[in-house]
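# Chains, contacts and geometry: an overview
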Amino acid sequence: MVNFNKPYLTGLETDYIKRAVRSGKISGNGLFTKKCQQFFEERYGFRKCLLTTSCTDALEMAAILTGVGSGDEVIVPSYTFVSSALAFVRQGAKIVFCDSYRDNPNIDPTEIERLVTPRTKVIVPVHYAGVACDMDAIMDIANRYNLFVVEDAAQAIDSFYTGRDGVRRPLGSIGHLAAFSFHETKNIISGEGGMLVVNDPRFIRRAEIIWEKGTNRAEFFRGEVNKYGWVDTGSSFLPSEIVAAFLWAQLENLNEIQAKRRSIWEFYREHLSPFAARRSFALPDIPIYATNNAHMFYLVFSDLAQRSDFIAAMKARDVQCVFHYLSLHSSPFYADKHDGRTLPNCDRFANCLVRLPLFYELDPEIVMRAASEVLS
Ligand SMILES: *Cc1c(COP(=O)(O)O)cnc(C)c1O
């Protein structure tokens, strides 16, 4: 059986965990945490990085930082993971779900602008499959209506957006805040894990406090204050050094991991393109302004029946292909709070999109052999 995902280990994870354990410091914000955060700050120019126990936690921190509460509205795509919306719901905000483009699961900025009201406070673009949303259009709306932008960059490590000014910027560096995931299904992993990126300097001090249970402990350890105490809201958002040590082993191999994933992705694209035209399904859409970080390879069929047939036929050939999100606006938790608008593009991706296995140790020829039989 070829599974949909298999977490890749570089081999050094347990060595670094041993080192963390031997150092005698295994709680958070130690040497490995700092190494990981510095890696991202230097490589991608993120203003301030804070490791978290998950991307969900990073989104919760972002929701607290934006100050949203009851009566405020947050615009979120409906075709996304629960956490993109849930983090803001926990602060009491109302989610206004936005549709995807027709040909791309990402949030459609033309739709966003129609949904802005005087109560709107935040837009949450989700870079689906690590492919950039149109950030110029989104930042332009945010600037005109004075909104915060929180990038859900859970899938978007090492991916870029080229703006109208011709400058190529890393995803996660454009919004006021951004959240990454190192869940075992992502490109770079630590089991569970995530990171908050603070690009707007106004949020840095408070982000550190929220990260450390509402205390100014980080300032204390830098010698900036002579005692620390409870100064704000917060939670225990920081991961232990054991998790950071694991993550460091992955980050050291980021280039190699990305190169391997890209080669598998390109293999799929090359070999599936001829079938796509004949069998009328779509391959991943990479707009001209976006790069591909090979997080995901998907097909979009014309209807649910065709997708179900494909999944079943691949399974019969021992290859596990999986569909993805169910529309959040019609979820059991949010359907009665949604304003009733239909989101047809989102529903189409929920019904018609299927993901192929994609992981470091995969031999894509095995998958392709099965796919050729199923699709011919
Ligand atoms: C994986 C994912 C998350 C959640 O990440 P965790 O680290 O598991 O909390 C949130 N948003 C998107 C778009 C994701 O793909």
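Each helix and strand counted, the chain has 13 helices and 11 strands in total. For the chain, the C-alpha radius of gyration of 21 Å lies close to 21 Å, the compact-globule estimate for 376 residues. Expressed as lengths along the three principal axes of its C-alpha atoms, the size of the chain is roughly 70 × 55 × 40 Å. Per-residue burial for the chain yields a buried fraction of 58% across its 376 residues. Long-range pairs, those at least 24 residues apart, make up 72% of the contacts in the chain between residues at least 6 apart in sequence. Of the roughly 15,900 Å² of accessible surface on the chain, a fraction of 52% belongs to carbon and sulfur atoms. Of the charged side chains in the chain, 42 are positive and 44 negative; the average position of the first set lies 3 Å away from that of the second.

Before going further, it helps to examine the site of the ligand. Neighbouring the ligand are 14 residues; T56, D152, Q155, S181 and K186 lie closest to it. Contact between the ligand and T56: an oxygen atom at 2.5 Å from a side-chain N or O atom of the residue. Relative to its free-state accessible area of 380 Å², the ligand is covered by the protein chains to the extent of 93%. When atoms are counted within 2 Å of each cavity's grid points, the one that captures over half of the ligand is the largest pocket. Taken together, the residues that form the shell around the ligand break down as 5 nonpolar, 7 polar and 2 charged.

We now examine a positive patch on the surface. Among the surface-exposed residues, K18, R19, R22 and K35 lie close enough to one another that they form a single positively charged patch. Sorting elements by how many residues they give to the positive patch places helix α1 (residues 13-22) first, with 3 residues. Examined against the element boundaries, R19 turns out to sit in helix α1.

Moving on, we get to the packing of aromatic side chains. The description of two aromatic rings rests on the distance between their centres and on the angle between their planes. All told, the structure shown has 26 aromatic pairs when counted by the stated rule. Their ring planes at 55° and their centres at 5.2 Å tell us that Y161 and Y289 sit as a pair that is tilted. Of this pair, Y161 sits in strand β6 (residues 160-162) while Y289 sits in the loop between α10 (254-279) and β10 (298-300); the two residues are 128 residues apart in sequence, bridging distant segments of the chain. We classify Y289 as buried; its relative accessible area is 14%. Each member of the aromatic cluster is reached from another via a ring pair, and the members are F39, F40, Y44, F46, F160, F180, F182 and W248. The ring of F160 carries the charged tip of R168 above its face, separated from the ring centre by 4.0 Å. The ring centre of Y360 lies 4.5 Å from the NZ or CZ of K260, which sits over that ring.

Next up on the list: the pairing of strand β8 (residues 177-181). Summarising burial for β8: 5 of the 5 residues are buried, a large majority. Here strand β5 (residues 148-152) pairs with β8 via 3 bridges, running parallel. Looking across to β8, one finds that V150 is bridged to L177. Across 5 bridges, the pairing between β8 and strand β9 (residues 194-198) is antiparallel. The residue bridging A179 from the neighbouring strand is L196, located in β9.

Of the pairings in the sheet, the one linking strand β2 (residues 73-77) to strand β4 (residues 120-123) comprises 3 bridges and is parallel in character. For V74, the partnering residue across the bridge sits in β4 and is V122. With 2 bridges joining them, β4 and β5 adopt parallel strand pairing. Bridging from a neighbouring strand, I123 pairs with V149 of β5.

Attention now goes to a nonpolar patch on the surface. A contiguous nonpolar patch, built from V21, I26 and I242 and spanning about 220 Å² of accessible area, is present on the exposed surface. Mapped onto the fold, I26 is located in the loop between α1 and α2 (31-44). For I26, a relative accessible area of 40% puts it in the partly exposed group.

This brings us to the domain arrangement of the chain. Per the domain assignment, the segments of the chain are domain 1 (13-251) and domain 2 (254-375). In this structure, the connection of domain 1 to domain 2 is made through 1 salt bridge. Close ionic contact of D158 with R262 constitutes a salt bridge, the shortest N to O distance being 3.5 Å. Taken together, the connections running from domain 1 to domain 2 amount to 25 residue pairs in polar contact (both at pLDDT 80 or more). Residue assignment for the side of domain 1 that touches domain 2 shows that the elements contributing at least two residues are α2, α4 (82-89), β3 (94-98), β6 and α9 (241-251). Considering every element that reaches the side of domain 1 that touches domain 2, the biggest residue donor is β3, with 5 residues. In terms of residue class, the side of domain 1 that touches domain 2 is built from 27 nonpolar, 11 polar and 9 charged.

All right, on to the environment of L299 then. With respect to the helices and strands, L299 occurs in strand β10. A relative accessible area of 0% means that L299 is categorised as buried. Note: C-alpha distance between L299 and F281 (18 residues apart in sequence) is 6.5 Å. Dropping the residues within four chain positions of it, L299 is found in contact with L272, F281, A282, L283, F310, C352, L353, V354 and L356.

On to the packing of helix α3 (residues 55-66) against α4. Taken N-terminus to C-terminus, the directions of α3 and α4 make an angle of 40°; their axes are 8 Å apart at the nearest point. Comparing their axes, α4 and α3 come out oblique. Pair α3 / α4 crosses with right-handed handedness. Two secondary-structure elements touch here, α3 through T56, L59, E60, A63 and T66 and α4 through S83, S84, A87 and F88. Counted by class, the contact of α3 with α4 contains 4 nonpolar, 4 polar and 1 charged residues.

Rules behind the numbers
- Residues numbered from 1 in each chain as written.
- Predicted model: local features only at pLDDT ≥ 70, side-chain atom pairs only at ≥ 80, totals over all residues.
- Heavy atoms only, no water.
- Helix = DSSP H or I, 4+ residues; strand = E, 2+ residues; numbered from the N terminus.
- Rg over C-alpha atoms; globule rule 2.2 N^0.38 Å.
- Buried < 20%, exposed > 50% of the residue type's maximum accessible area, 1.4 Å probe, protein only.
- Contact = heavy atoms within 4.5 Å.
- Areas by Shrake-Rupley, 256 points an atom, 1.4 Å probe, with all protein chains shown as cover.
- Lys, Arg positive; Asp, Glu negative; His and termini not counted.
- Charge placed at Lys NZ, Arg CZ, Asp CG, Glu CD.
- Near = heavy atom within 4 Å.
- Polar contact = N/O pair within 3.5 Å; in protein donor to acceptor, adjacent residues only side chain to side chain.
- 1 Å grid on protein atoms, 1.4 Å probe; cavity = no way out; pocket = protein on both sides within 12 Å on 5 of 7 lines; lining within 4 Å.
- Sits in = over half its atoms within 2 Å of the grid points.
- Nonpolar A, V, L, I, M, F, W, Y, C, P; charged D, E, K, R; others polar.
- Patch = residues over 30% accessible without salt bridge, like charges linked within 9 Å, V, L, I, M, F, W, Y side chains within 5 Å.
- Salt bridge = Lys/Arg side-chain N within 4 Å of Asp/Glu carboxyl O.
- Phe/Tyr/Trp six-rings, centres within 6.5 Å; stacked < 30°, edge-to-face > 60°.
- Lys NZ or Arg CZ within 6 Å of the ring centre and 35° of its normal.
- Pairing = 2+ DSSP bridges.
- Domains from an automatic or database assignment.
- Axes fitted to C-alpha atoms, helices over the stretch in contact; angles between N-to-C directions.
- Parallel < 35°, antiparallel > 145°, perpendicular 65-115°, else oblique.
- Left-handed = near helix turned anticlockwise from the far one by under 90°.

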